[in-house]
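Observations on the three-dimensional arrangement
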Amino acid sequence: MDLKEIILNSLNYPVYNQEHVKKWLIFGVITLASYLVIPVIFAAGYQLRTIKNTIEGDSKMPEFNQWGQMFSDGFDVIAVQLVYYLLPLIFTTAGMAYLHMGKSFGGILILISVILFIPASMLLYIAISNFVYHGNFGAAFDLKQMFKRIKSIGKGKFILWWLITTLIVIIGFVLGALVNMVSKMIGFFLVPLIFNSFLSLFGARSGGLVYRESLGSTQIF
């Protein structure tokens, strides 16, 4: 698939048919309930299941079943995310603390956190997909294998894909923020139910499709 096909397929994924819309809304309810914390783990597990289906070549959205496995998968996904974002979070927290004390050095720390966040964000997509493909938690940190996948995809294509995907996610969050500005009450329900859930599914589908590019068109999971 070319980049245009990957992006359009991913954008169309949650609304492809009535069954997809139904599952998207169920996922949206789980995302809305994430205010209670625990549902965040189930949402992450469903994202991983979406990536798995995509890598396998399945165009259907996953079923909501095997909740124990979904919870376990979600916990693993969040653990991977925390590892990759640990350094950026540390520098951001330190930077905010310094700025709160009126020290300009905090701005430098925040700038460093942004610089660290970019490669972490790029690698995270491949890391989770690599974990899914190999069925091994350690595969999420196999940098040699991950860079091999990126090389197979094409470095230029991968970077451009990441930029476009990230831009779409940012636009989605901005639209959600605008809804919150119009009405916090409506935004409280509508943003996670519609916007955040859509962006999560879009990101999972897009990440799975670009990883599948590294496997060759005929290779199946």
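Refer to the structure above for everything that follows.
Right, let's walk through the structure included here.

**Quick look at the side chain of Ser 113**
Its place among the elements puts Ser 113 in helix H5 (residues 105-134). Exposure remark for Ser 113: the relative accessible area of 5% places this residue in the buried category. From its side chain, Ser 113 meets the backbone oxygen of Ile 110 in a polar contact 2.5 Å long. Leave out the neighbours within four places in its chain, and Ser 113 touches Pro 88, Phe 91 and Thr 92.

**Focus: the pattern of salt bridges**
Tallied over the full model, the rule gives three salt bridges. Linking Lys 23 and Glu 63 is a salt bridge whose minimum nitrogen-to-oxygen distance equals 2.9 Å. Within this pair, whereas Lys 23 is found in helix H2 (residues 18-32), its partner Glu 63 is found in the loop between helix H3 (38-56) and helix H4 (67-100), the two being separated by 40 residues in sequence. A relative accessible area of 45% places Glu 63 in the partly exposed class. The salt bridge involving Glu 56 is made with Lys 52; its shortest N-O contact spans 2.5 Å. Residue Glu 56 and its partner Lys 52 are both found in helix H3; the two are separated by four residues, about one turn of the helix. Its relative accessible area of 26% is what places Glu 56 among the partly exposed residues.

Thresholds applied
Residues numbered from 1 in each chain as written. Predicted model: local features only at pLDDT ≥ 70, side-chain atom pairs only at ≥ 80, totals over all residues. Heavy atoms only, no water. Helix = DSSP H or I, 4+ residues; strand = E, 2+ residues; numbered from the N terminus. Buried < 20%, exposed > 50% of the residue type's maximum accessible area, 1.4 Å probe, protein only. Polar contact = N/O pair within 3.5 Å; in protein donor to acceptor, adjacent residues only side chain to side chain. Contact = heavy atoms within 4.5 Å. Salt bridge = Lys/Arg side-chain N within 4 Å of Asp/Glu carboxyl O.

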